[in-house]
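Structural overview for review
This is what each chain is made of:
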Amino acid sequence: MSEILLQGKGVETFYGKIQALKGIDFEVRKGEIATVIGANGAGKSTLMMTICGTPRARAGTIVLDGKDITQMPTHEIVHLGIAQSPEGRRIFPRMSVFENLQMGATVDKLRHFDEDLAKVFALFPRLEERRNQRAGTLSGGEQQMLAIGRALMARPRLLLLDEPSLGLAPIIVKQIFAAIKKLNQEEGLTVLLVEQNAFHALRLAHRAYVMVNGKIAMSGTGAELLKSPEVRAAYLEGGH
Amino acid sequence: MEYFLQQLINGLTLGSIYGLIAIGYTMVYGIIGMINFAHGDVFMVGSMVSFIVLLALGVTGGSGAFMIIFALALVVVIAMLIASVYNWTIERVAYRPLRGSFRLAPLISAIGMSIVLQEFVRIAQEGRPKPMQPLITGGYELMHRTLAEGGDFTVKISNMQIMIIVSTLVLMTVFTMLIQRTALGRAQRACEQDTKMASLLGINVDRTISITFILGACLAAFAGLMFLLYYNVTDFFIGFLAGIKAFTAAVLGGIGSIPGAMLGGLVIGMIEVMWSAYFSVEYKDVAAFTVLVMVLIFMPQGLLGKPEVEKI
Ligand SMILES: Nc1ncnc2c1ncn2[C@@H]1O[C@H](COP(=O)(O)OP(=O)(O)O)[C@@H](O)[C@H]1O
Ligand SMILES: [Mg+2]
């Protein structure tokens, strides 16, 4: 098994008095796709944001490649090589597609901008066609591609994807998952994927966690969880 | 017609000054969603510092052109520097600790800062207005109407007016390029649109906010110098009314919009000048603020308010 890239121990996060993460243990190893599945409100997005230090964990530790990042400011954490395509995409609506991608390259200081831009455009040709369009006027699927592309522009060691399939047509979902798989296999990119669309995610994942109510309820390989009766009953029935 | 043309020139001059100040309001609002009520006083500090430095240098209208240009360049740099330090400090001590607190807290703090600056300057520099000899004199006659043509009247543009209008134009062009074309401007706009996302991309948000305060202060300081040279007088209280007018301009143009602030400044300047010219000087401020109220009622977005085209 490869080295651990990201590890969380006993991570607790609060919104005011409400506790959203109740002691989470997890790890992501180099070169793998890890996934967190769980119902709406389980705390998946909170986990993704806590990894990036916004909000900050109130207890526990998060370690990236041997370095404790629990108390670091967000912009310093991402400079260590974590990029996130967050829930709700959060593209900059009044900037062009191109400018959004420039923003993505902030961590890289635009050093490999042209090269990376070509890669992102190869992955999502739609973005190239829309390059000068205001991002706010893109369709939902295009915005999702932009959010992922923007994250890739940072040349991350760890890519966090929060529900990349949300609200998208099945054909686009397929494209996006194919893109994630390709990045992982061809570039060796490590991915932590959060999904409600459990079937797709589990099929892709080397390592998987099920989150319920701010806790990890189950973990295993993607294949194991796909076979698990509890998981099937809770997340896959009525299937995809 | 000639009379109108003259007012147009005067309005453009005054509007330039308001526009420069208004940008500071609108940028700060854009990025942290608050009105920096001390901004008008930063403008006042800019003008006061300009006065002090000019006095210390001892330049007068009689000094050679080269000397005057050199002195003004120096004054611009010093005034911008000191105004920046003030605005930067205000953000650090009075606004940043209150970020994330209830919405009115930074507003109250801002009003407090405004009073602090005014009182500080009043005590340190004495309350009396500070007059100076005109530094830049002369001008051009653009048009002349004789008595026979309906009354003796000359349309003039002074060198000072030319300087204000041209330098404002240059400054705003440079500034627009900075915001539209550079990484710094991009970071600024990113923070304005989604602060959290900007930080997730590696932008140091606190630093970007500080830079925004500094940029606003530089423009306000420049406006302060122009104000001093135009009216040949300054005092500790000029920031109050000019600040409120510039704030009005920012709202009129669409708060958060930089071109809006420039446009709003011009409109407010024009209204004030035209009203004084055709109706009564006493009511010029009333006229300006009436327009604000009308805009707020009928066009709450302002003239160039942002169209939010966002799809889910
Ligand atoms: N900004 C917030 N303020 C307060 N509560 C929040 C906030 N964001 C999420 N929560 C709460 O935290 C819990 C976990 O939410 P979230 O992490 O978004 O779950 P998921 O991504 O799994 O749907 C939910 O109960 C949600 O209501
Ligand atoms: Mg979520």
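Residues numbered from 1 in each chain as written. Chains lettered and ligands numbered in written order. Predicted model: local features only at pLDDT ≥ 70, side-chain atom pairs only at ≥ 80, totals over all residues. Heavy atoms only, no water.

**Let's talk about the overall build of chain A**
What counts here: Helix and strand definitions here come from DSSP, where helices need a minimum of 4 consecutive H or I residues and strands a minimum of 2 consecutive E residues; each element is numbered from the N-terminal end. We take the radius of gyration over the C-alpha atoms and set the globule estimate at 2.2 Å times the residue count to the 0.38 power. The classification of residues rests on relative accessible area computed with a 1.4 Å probe and restricted to protein chains. Under 20% of the type maximum is buried, over 50% is exposed, and intermediate values are partly exposed. Note on contacts: a residue pair is in contact if any heavy atoms of the two residues lie within 4.5 Å. We get accessible surface area from the Shrake-Rupley algorithm with a probe of 1.4 Å; when it comes to residues, only the shown protein chains can shield them. Counted as positive: Lys and Arg. Counted as negative: Asp and Glu. His and the chain ends are not counted at all. Just so you know, the charge point we use is NZ for Lys, CZ for Arg, CG for Asp and CD for Glu.
Assigned secondary structure in chain A consists of ten helices and ten strands. Against the globule reference of 18 Å for 240 residues, chain A gives a C-alpha radius of gyration of 17 Å, in line with a compact fold. Overall, chain A is about 45 × 40 × 40 Å in size when its C-alpha atoms are taken along their principal axes. The proportion of buried residues among the 240 residues of chain A is 57%. The long-range fraction of contacts in chain A, counting pairs at least 24 apart against all pairs at least 6 apart in sequence, stands at 67%. When the accessible area of chain A is evaluated, it comes to approximately 10,100 Å², of which 50% is carbon and sulfur surface. Distance from the positive charge centre (30 side chains) to the negative charge centre (25 side chains) of chain A: 3 Å.

**A short note on the coordination of the magnesium ion (ligand 2)**
All names here are of chain A. How we decide: With water excluded from the atoms, a metal site may look incomplete; its donors are any N, O or S atoms within 2.8 Å, or within 3.2 Å for Na, K and Ca.
Around the magnesium ion (ligand 2), the protein contributes the donor atoms Ser45 (OG) and Glu87 (OE), at 2.0 to 2.4 Å from the metal centre. One end of the pair, serine 45, is in helix 1 (residues 44-51); the other, glutamate 87, is in the loop between strand 6 (82-85) and helix 3 (97-104), and 42 residues separate them in sequence. On the basis of relative accessible area, serine 45 is assigned to the buried category, the value being 18%.

**Structural notes on the site of ligand 1**
All names here are of chain A. The condition is simple: Here, proximity means that at least one heavy atom of the residue falls within 4 Å of the molecule or strand. Whenever a nitrogen or oxygen atom comes within 3.5 Å of another N or O atom, the pair is scored as a polar contact, on the condition that within protein one atom can donate a hydrogen and the other can accept it, and that pairs from neighbouring residues in sequence are kept only if both atoms are in side chains. Classification used: nonpolar for Ala, Val, Leu, Ile, Met, Phe, Trp, Tyr, Cys and Pro, charged for Asp, Glu, Lys and Arg, polar for all others including Gly.
The local shell around ligand 1 consists of Tyr15, Ala20, Ala39, Asn40, Gly41, Ala42, Gly43, Lys44, Ser45 and Thr46. Here an oxygen atom of ligand 1 sits 3.2 Å away from a polar atom, N or O, in the side chain of asparagine 40. Between ligand 1 and the protein, one listed contact pairs an oxygen atom with a backbone N or O atom of alanine 42 at 3.2 Å. In isolation ligand 1 offers 560 Å² of accessible surface; the protein chains occlude 60% of this area. If one sorts the elements of the shell around ligand 1 by residue count, helix 1 sits on top with three residues. Residue composition of the shell around ligand 1, grouped by class: four nonpolar, five polar and one charged.

**Points about the environment of lysine 119 of chain A**
All names here are of chain A. Tracing the backbone shows lysine 119 in helix 4 (residues 113-123). Residue classification places lysine 119 among the partly exposed positions, given a relative accessible area of 41%. A sequence separation of 82 residues divides lysine 119 from alanine 201, and the C-alpha atoms of the two residues are 24 Å apart.

**Digging into the nonpolar core**
Formally: Here, the term nonpolar core denotes a set of buried Ala, Val, Leu, Ile, Met, Phe, Trp, Tyr and Cys residues that are joined through side-chain atoms within 4.5 Å.
Among the nonpolar cores identified, the biggest contains 118 residues, and Ile82 and Leu192 of chain A together with Ile23, Phe43, Leu54 and Tyr95 of chain B are the most heavily contacted of them. Looking at which element gives the most residues to this core, the answer is helix 8 (residues 205-231) of chain B, with 16 residues. Core analysis: the second largest hydrophobic core is formed by 49 residues, Phe121, Ala201, Leu202 and Leu204 of chain A among them.

**Observations concerning the sheet that holds strand 7 (residues 158-162) of chain A**
Residue and element names in this part refer to chain A. Formally: Following DSSP output, two strands are said to pair if at least two bridges run between them. Note on geometry: axes are C-alpha line fits, over the in-contact stretch for helices, and angles between N-to-C directions span 0 to 180 degrees.
A sheet is described by the order of its strands in space; here six strands give the open sequence 6-7-8-3-9-10, paired in mixed fashion. Across the chains shown, the open sheet's two edge strands, defined by having one partner strand only, are strand 6 and strand 10 (215-220). In this sheet, adjacent strand axes meet at a mean angle of 20° when their direction is disregarded. Relative to strand 7, strand 6 runs parallel, the two being bridged by four bridges. Across the sheet, isoleucine 82 pairs through a bridge with leucine 158, a residue of strand 7. Strands in contact with helix 10 (residues 229-236) are strand 3 (33-38), strand 9 (207-212) and strand 10; relative to strand 9, the strand with the most contacts, it is inclined by about 65°.

**Regarding the packing of aromatic side chains**
Rules: Aromatic pairing here means that ring centres of Phe, Tyr or Trp (its six-membered ring) are within 6.5 Å. Orientation follows from the plane angle: under 30 degrees is stacked, over 60 is edge-to-face, and everything else is tilted. For a lysine, the NZ atom is tested; for an arginine, the CZ atom; a charge sits over a ring if that atom is within 6 Å of the ring centre and within 35 degrees of the ring normal.
This model, assessed by the stated rule, comprises 13 aromatic pairs over all chains. Relative to phenylalanine 247 of chain B, the ring of tyrosine 25 of chain B has its centre 5.8 Å away and its plane inclined at 50°; by these criteria the two rings are tilted. Here tyrosine 25 of chain B, found in helix 1 (residues 2-32), pairs with phenylalanine 247 of chain B, found in helix 9 (residues 238-253); they are 222 residues apart in sequence, far enough to count as distant. You'll find tyrosine 25 of chain B and phenylalanine 247 of chain B in the same group, each marked buried. When the centroid spacing of 5.9 Å and the interplanar angle of 50° are considered together, the rings of tyrosine 95 of chain B and phenylalanine 213 of chain B count as tilted. With tyrosine 95 of chain B in helix 3 (residues 65-95) and phenylalanine 213 of chain B in helix 8, this residue pair connects regions lying 118 residues apart in the sequence. Here the two residues tyrosine 95 of chain B and phenylalanine 213 of chain B agree in accessibility, since each one is buried. Here a set of aromatic residues connected by ring pairs shows up, and it is made of Phe43, Phe227, Tyr230 and Tyr231 of chain B. Just above the ring of phenylalanine 14 of chain A sits the side chain of arginine 58 of chain A; from NZ or CZ to the centre is 4.1 Å. Just above the ring of phenylalanine 92 of chain A sits the side chain of arginine 150 of chain A; from NZ or CZ to the centre is 5.3 Å.

**Overview of the side chain of glutamate 99 of chain A**
In this fold, glutamate 99 of chain A is placed in helix 3. A relative accessible area of 13% means that glutamate 99 of chain A is categorised as buried. Every residue in contact with glutamate 99 of chain A, bar those within four places of it in the chain, is listed here: Gln180, Arg186 and Arg189 of chain B.

**As for a nonpolar patch on the surface**
Residue and element names in this part refer to chain B. The condition is simple: The patches described consist of residues with a relative accessible area above 30% and no salt bridge, like charges being joined within 9 Å and nonpolar side chains (Val, Leu, Ile, Met, Phe, Trp, Tyr) within 5 Å. A pairing counts as a salt bridge when a side-chain nitrogen of Lys or Arg comes within 4 Å of a carboxyl oxygen of Asp or Glu.
A contiguous nonpolar surface patch, about 780 Å² in accessible area, is contributed by Tyr3, Phe4, Leu8, Trp275, Tyr278, Phe279, Tyr283 and Val286. Contributions of two or more residues to the nonpolar patch are made by helix 1 and helix 10 (258-278). Of all the elements, helix 1 adds the most residues to the nonpolar patch, at three residues. When you line up the elements, valine 286 lands in helix 11 (residues 284-298).

**Things to note about the packing of helix 1 of chain B against helix 5 (residues 159-181) of chain B**
Residues and elements named next belong to chain B. Definition in use: Working definition: roughly parallel below 35 degrees, roughly antiparallel above 145 degrees, roughly perpendicular at 65 to 115 degrees, and oblique for all remaining angles. Crossings are classed by handedness, with left-handed meaning an anticlockwise turn of the near helix from the far one by less than a right angle and right-handed meaning a clockwise turn.
For the pair helix 1 and helix 5, interaxial distance at closest approach is 9 Å and the crossing angle is 30°. As judged from the angle between their axes, helix 1 and helix 5 are roughly parallel. Where helix 1 crosses over helix 5, the two elements pack in a sense that is left-handed. On helix 5, the residues touching Ile9, Asn10, Leu12, Thr13, Ser16, Ile17, Gly19, Leu20, Ile23 and Met27 of helix 1 are Gln161, Ile164, Ile165, Thr168, Leu171, Met172, Phe175 and Ile179. Grouping the constituent residues of the contact of helix 1 with helix 5 by class yields twelve nonpolar, six polar and no charged.

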